[in-house]
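Residues per chain are reported as follows:
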Amino acid sequence: MAKERKKSKFFEEFKKFILRGNVMDMAVGVIVGGAFTAIVTSLNNDILTPILGLFGGTDFSYLTVTLGSAENAPVLHYGNFITAVINFLITALVIFVLLKVINKITERLSAFKGEGETPAPTTKKCPYCRTEIDIEATRCPHCTSVLEEKIDV
């Protein structure tokens with residue numbers, strides 16, 4: 001019986017963990033990131049690398065160095081590495097630009113929402129000693145004066 005309760009408690013905690021917003025956001029991010037990586041890889045392989053090949057006279061993906069002269073000598077495909085670095089830089093640039101745009105939009109929305117709203121004061125000044133005190137105070141904690149109802153803020 002106790003073993004069954006532990007199992008059900010474990011699964012309840014797991015369900016709560018999985019359905020929490022952060023985990024779901026992370027899962028969506030991983031899926032979108034995978035799709036985005038495929039797009040950037042295609043952009044690099046199918047568009048940018050051939051264009052760069054026009055200027056450099058070669059396509060990066062075919063750059064190799066054979067280590068040795070034997071039939072089964074290892075081959076370094078450093079062109080693939082250059083392509084991967086270009087993929088990374090493009091991905092980082094696009095994410096950087098997207099985050100800048102999202103941050104700018106968020107700033108504008110928060111500034112727009114904040115217009116015209118003035119927060120209610122939480123402090124007031126004691127009319128006798130002029131120190132800041134809590135707005136609901138009926139006696140000044142500094143000079144111990146009894147405060148009247150109407151006090152300037």
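Residues numbered from 1 in each chain as written. Predicted model: local features only at pLDDT ≥ 70, side-chain atom pairs only at ≥ 80, totals over all residues. Heavy atoms only, no water.

1. Some points on a nonpolar patch on the surface
Now for step 1: On the surface, Val65, Leu67, Leu76, Tyr78, Phe81, Val85, Phe88 and Leu89 cluster together to form a nonpolar patch covering roughly 770 Å² of accessible area.
Now for step 2: Broken down by element, the residue count for the nonpolar patch peaks at five residues, all from helix α3 (residues 78-114). (Patch = residues over 30% accessible without salt bridge, like charges linked within 9 Å, V, L, I, M, F, W, Y side chains within 5 Å. Areas by Shrake-Rupley, 256 points an atom, 1.4 Å probe, with all protein chains shown as cover. Salt bridge = Lys/Arg side-chain N within 4 Å of Asp/Glu carboxyl O. Helix = DSSP H or I, 4+ residues; strand = E, 2+ residues; numbered from the N terminus.)

2. Let's talk about the nonpolar core
Now for step 1: Core analysis: the biggest nonpolar cluster contains five residues, these being Cys126, Ile133, Ala137, Cys140 and Leu147.
Now for step 2: In this view, Cys126 contacts Thr131, Ile133, Cys140, Cys143 and Leu147; residues no more than four positions away in its chain are not counted. (Core = buried A, V, L, I, M, F, W, Y, C linked by side-chain atoms within 4.5 Å. Buried < 20%, exposed > 50% of the residue type's maximum accessible area, 1.4 Å probe, protein only. Contact = heavy atoms within 4.5 Å.)

3. Comments concerning the state of the cysteines
Now for step 1: With the rule as written, the count across this model stands at zero disulfides.
Now for step 2: Looking at Cys126, it has no disulfide partner, and the nearest cysteine sulfur is the one in Cys143, 3.7 Å off.
Now for step 3: Unpaired in this structure, Cys140 has its nearest cysteine sulfur neighbour in Cys129, at a distance of 3.6 Å.
Now for step 4: Its relative accessible area of 1% is what places Cys140 among the buried residues. (Disulfide = S-S within 2.5 Å.)

4. Topic: the side chain of Lys124
Now for step 1: Within the secondary structure layout, Lys124 lies in strand β3 (residues 123-125).
Now for step 2: The side chain of Lys124 is buried and forms no salt bridge, while Asp134, the nearest opposite charge, is found at 7.2 Å.
Now for step 3: Polar contacts involving the side chain of Lys124 include one to the main-chain carbonyl oxygen of Ile135, which spans 3.0 Å. (Lys, Arg positive; Asp, Glu negative; His and termini not counted. Polar contact = N/O pair within 3.5 Å; in protein donor to acceptor, adjacent residues only side chain to side chain.)

5. Overview of the environment of Ile86
Now for step 1: With respect to the helices and strands, Ile86 occurs in helix α3.
Now for step 2: Under the relative-accessibility criterion, Ile86 is labelled buried at 17%.
Now for step 3: Expressed as a C-alpha distance, the spacing of Ile86 and Asn44, which sit 42 residues apart in the sequence, is 7.3 Å.
Now for step 4: If sequence neighbours within four positions are ignored, Ile86 has contacts with Asn44, Leu52 and Phe60.

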